[in-house]
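Examination of the molecular architecture
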Amino acid sequence: MKKEDLRIVYMGTPDFAVESLRALVEGGYNVVGVITMPDKPMGRHGSVLQPSAVKQYAVSVGLPVLQPEKLKDEAFLEELRALRADLQIVVAFRMLPEVVWNMPRLGTFNLHASLLPQYRGAAPINWAVINGDTETGVTTFFLTHEIDTGKIICQKHLPIADTDDVGTVHDALMAMGAGVVTETVDLLLDGKTDAIPQEEFYKDASELRPAPKIFKDTCHIDWNQPVKKIYDFIRGLSPYPAAWTELLSADGKRLALKIYQAEKRPAEHNFPVGSIHTDHKSYIDVAVKDGFLRLRSLQLAGKKRMNITDFLNGFKQIAEYTVGC
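Just so we're clear, the structure is a prediction, and the values are computed from it rather than from any experiment.

1. Observations concerning the packing of aromatic side chains
Evaluation of the coordinates by the stated rule reveals three aromatic pairs. Judged by centre distance (5.7 Å) and plane angle (40 degrees), the rings of F315 and Y321 are tilted. You can call F315 buried: its relative accessible area is 7%. Put simply, the rings of F311, F315 and Y321 touch in pairs and so form one group of aromatic residues. Positioned above the aromatic ring of W244, the side-chain terminus of K216 is 5.5 Å from the ring centre. Note that R294 overlies the ring of Y283, its terminal NZ or CZ placed 4.2 Å from the centroid.

Right, here's the structure in full:
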């Protein structure tokens, strides 16, 4: 079968999923429909509906779009069957019921932003950076009953630099993933798919790290950790959702503070953990047990993100605070 004849249904929602869809469309593959999340209410009263990034792109190139509230809804399933897909591709969507992923004759494959079986779960890019990994990648695999456990089709590696944050890694994996998606389709077209069980990629399941969904409490900085771990934690949550802490004053005032960029400065010292040191012009250092975190980009609650110079220009009393440990 030629790629022009292979009927593909594509499922995805955020920016990360757009690049793979674009690669399919611009590569001449036959995308017959797109499934994405319902439009999201925005604005103060939820009166404005914001379409997903995938929907915006799909509409711009004239692709049919379905936006089911429930994936087991019979009306949606009938619409999906009517698309007569030979193959379904999932990139950053939702967990699919078997009635959906088992529908096409060639099955359904997913693009996951990690080197499976490492980092199964909702936030693989964040956790790879948070954990200080020096390598990650993307994986395509066939969907099955258990989430992120199906047989692996393709995998490609990406180095993580010590200066990368989750935003730079996200963008690199997004571009890499688009190429792996089309490569996977080509392998299926050529009948060369030799999918490998994930169990063959590791000997001890205890070596596997999870990638659970990240919540606000997940992002709270523990200043009692070593300088390298705090540094990796900050870049693993930047630019979104961002690591945060509280500034505490002697009179009990508390201010929430997001930290987007920092610099690790290992050093021996006798300062209390969480104490703040600054020249009031160009730097803020937070003392930790084996050095300092030099803060580079910050955001007080209710304010815009600022570089350190602008922050200090507007917040002269910073030295009167400590950070909550």
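Moving on, there is more to tell.
2. A few points about the packing of helix 1 (residues 15-26) against helix 2 (residues 53-60)
Two measures define how a pair of helices packs: the angle their axes make with one another and the distance between the axes. The contact between helix 1 and helix 2 brings their axes to 8 Å, and the two run at 25 degrees. Between helix 1 and helix 2, the interaxial angle falls into the category roughly parallel. The handedness of the crossing between helix 1 and helix 2 is right-handed. Contacts between helix 1 and helix 2 involve D15, A17, V18, L21, R22, V25 and E26 from the former and A53, V54, Y57 and A58 from the latter.

3. Section: the pattern of salt bridges
Inspection of every chain in the model, using the stated rule, returns 13 salt bridges. Note that R81 and E74 form a salt bridge whose closest N and O atoms lie 3.1 Å from each other. With relative accessibility at 34%, the residue R81 sits in the partly exposed group. For E74, a relative accessible area of 44% corresponds to the partly exposed category. The residue E246 makes a salt bridge to R254 at a minimum N-O spacing of 2.6 Å. Given a relative accessible area of 24%, E246 falls into the partly exposed group. Here the residues in one salt-bridge network are E74, E78 and R81, joined through shared partners.

4. Description of the pairing of strand 7 (residues 108-112)
For strand 7, the buried fraction is high: five of the five residues fall into the buried class. As defined by bridge partners, strand 6 (residues 87-91) adjoins strand 7 across four bridges and the pair is classed as parallel. Across the sheet, residue Q88 finds its bridge partner in strand 7, namely T108.

5. Focus on the nonpolar core
Membership of the largest hydrophobic core comes to 76 residues, with the highest contact counts inside it found for I89, V185 and L293. The element best represented in this core is helix 6 (residues 166-190), accounting for ten residues. Leave out the neighbours within four places in its chain, and L293 touches W223, V227, I230, Y231, I234, A262, E263, I284, D285, V286 and V288. The next biggest cluster of nonpolar side chains, apart from the first, holds 20 residues, and it includes V9, L66, V90 and W101.

6. Brief notes about the sheet that holds strand 2 (residues 30-35)
Read across the sheet, seven strands follow the order 5-2-1-6-7-8-9 without closing on themselves; strand pairing throughout is mixed. Strand pairing shows two members of the sheet lacking a second neighbour, strand 5 (65-66) and strand 9 (152-159), which therefore form its edges. Of the pairings in the sheet, the one linking strand 2 to strand 5 comprises two bridges and is parallel in character. Residue pairing for strand 5: I35 is matched across the bridge by L66.

Cut-off values and rules
Residues numbered from 1 in each chain as written. Predicted model: local features only at pLDDT ≥ 70, side-chain atom pairs only at ≥ 80, totals over all residues. Heavy atoms only, no water. Phe/Tyr/Trp six-rings, centres within 6.5 Å; stacked < 30°, edge-to-face > 60°. Buried < 20%, exposed > 50% of the residue type's maximum accessible area, 1.4 Å probe, protein only. Lys NZ or Arg CZ within 6 Å of the ring centre and 35° of its normal. Axes fitted to C-alpha atoms, helices over the stretch in contact; angles between N-to-C directions. Helix = DSSP H or I, 4+ residues; strand = E, 2+ residues; numbered from the N terminus. Parallel < 35°, antiparallel > 145°, perpendicular 65-115°, else oblique. Left-handed = near helix turned anticlockwise from the far one by under 90°. Contact = heavy atoms within 4.5 Å. Salt bridge = Lys/Arg side-chain N within 4 Å of Asp/Glu carboxyl O. Pairing = 2+ DSSP bridges. Core = buried A, V, L, I, M, F, W, Y, C linked by side-chain atoms within 4.5 Å.

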